[in-house]
Amino acid sequence: MTKYGKKIREIVETSRCHLTAEQVFEVLRQTYPTVVLATVYNNLNRLCEAGLIRRVSVEGQPDRYDRLARHDHLVCRGCGKLLDIHLSDLTEQLQRQVDIPILSYDLKLMYLCEECQKRKHGEPSRKEAKT
């Protein structure tokens with residue numbers, strides 16, 4: 001693994017923000033100012049293919065990258081906010097229902113965050129109410 005790959009993996013594993021490739025690029029540039037965005041994309045793809053990090057895809061949003069530790073996600077349908085949630089592991093239960101070997105699963109629960117709910121009902125958000 002290249003020095004960039006090692007650092008990118010470290011960035012993804014230590015972040016709890018579900019970074020996009022561009023965000024990983026900005027963090028990586030603090031250590032390696034001459035790195036180019038293509039290097040970040042190539043390394044993220046290699047790390048995902050090797051099973052060292054995971055890609056979280058949400059329709060209409062850029063892919064984000066996450067650590068492998070077992071967890072699921074809440075995804076706001078309004079703004080795309082992505083939050084970690086820790087539900088019990090459903091692998092065994094799903095395995096019994098489909099009767100085929102399950103390698104892994106990616107559970108995303110869709111919801112509307114508080115800010116989007118308020119916007120939908122015409123209420124000012126916390127940020128708008130402060131101004």
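Structure's up top.
Residues numbered from 1 in each chain as written. Predicted model: local features only at pLDDT ≥ 70, side-chain atom pairs only at ≥ 80, totals over all residues. Heavy atoms only, no water.

Enquirer: Looking at this structure, I do not really get the nonpolar core. What am I missing?
Expert: Within soluble globular proteins, side chains that are nonpolar tend to cluster in buried spots. Ranked by internal contacts, the top residues of the largest apolar core, which has 16 residues, are Ile8, Val12, Leu28, Val40, Leu44, Ile53 and Tyr65. Those elements that place two or more of their residues in this core are helix 1 (3-14), helix 2 (21-31) and helix 3 (37-49). (Core = buried A, V, L, I, M, F, W, Y, C linked by side-chain atoms within 4.5 Å. Buried < 20%, exposed > 50% of the residue type's maximum accessible area, 1.4 Å probe, protein only. Helix = DSSP H or I, 4+ residues; strand = E, 2+ residues; numbered from the N terminus.)

Enquirer: Mind showing me how you'd approach the pairing of strand 5 (residues 82-85) here?
Expert: Of the pairings in the sheet, the one linking strand 4 (residues 72-76) to strand 5 comprises four bridges and is antiparallel in character. For Val75, the partnering residue across the bridge sits in strand 5 and is Leu82. (Pairing = 2+ DSSP bridges.)

Enquirer: When you look at the packing of helix 1 against helix 2 in this model, what are you seeing that I'm missing?
Expert: When two helices pack together, their arrangement is given by the angle between the helix axes and by the axis-to-axis distance. Their axes nearest at 10 Å, the elements helix 1 and helix 2 cross at an angle of 120 degrees. Relative to helix 2, the element helix 1 lies oblique. For the pair helix 1 and helix 2, the sense of crossing is right-handed. The residues of helix 2 that touch helix 1, namely those facing Tyr4, Lys7, Ile8, Ile11 and Val12, are Val24, Val27, Leu28 and Thr31. Looking at the contact of helix 1 with helix 2, its residues break down into seven nonpolar, one polar and one charged. (Axes fitted to C-alpha atoms, helices over the stretch in contact; angles between N-to-C directions. Parallel < 35°, antiparallel > 145°, perpendicular 65-115°, else oblique. Left-handed = near helix turned anticlockwise from the far one by under 90°. Contact = heavy atoms within 4.5 Å. Nonpolar A, V, L, I, M, F, W, Y, C, P; charged D, E, K, R; others polar.)

Enquirer: I would appreciate a short explanation of the pattern of salt bridges in the present structure.
Expert: A pair can form between side chains of opposite charge whenever their charged atoms are brought close. Tallied over the entire structure, the rule returns twelve salt bridges. The partner of Asp106 in a salt bridge is Arg54, and the shortest N-O contact between them spans 3.2 Å. With a gap of 52 residues between them, Asp106 in the loop between helix 4 (91-98) and strand 6 (108-111) and Arg54 in strand 2 (residues 54-56) connect regions that are remote in the sequence. The class for Asp106 is partly exposed, based on a relative accessible area of 38%. Overall, the relative accessible area of 14% leaves Arg54 in the buried class. With its nearest N and O atoms 3.1 Å apart, the salt bridge here joins Asp84 to Arg67. Of this pair, Asp84 sits in strand 5 while Arg67 sits in the loop between strand 3 (64-66) and strand 4; the two residues are 17 residues apart in sequence, bridging distant segments of the chain. Salt bridges sharing common partners tie together Arg54, Asp106 and Lys108. (Salt bridge = Lys/Arg side-chain N within 4 Å of Asp/Glu carboxyl O.)

Enquirer: Honestly, the packing of helix 2 against helix 3 in this entry has me stumped. Any pointers?
Expert: Contact pair helix 2 / helix 3: the axes reach a minimum separation of 9 Å and the direction vectors enclose 115 degrees. For the element pair helix 2 and helix 3, the recorded crossing hand is right-handed. Residues Ala21, Glu22, Val24, Phe25 and Leu28 of helix 2 form the contact with helix 3, whose participating residues are Leu37, Val40, Tyr41 and Leu44. Class assignment for the residues of the contact of helix 2 with helix 3 results in eight nonpolar, no polar and one charged.

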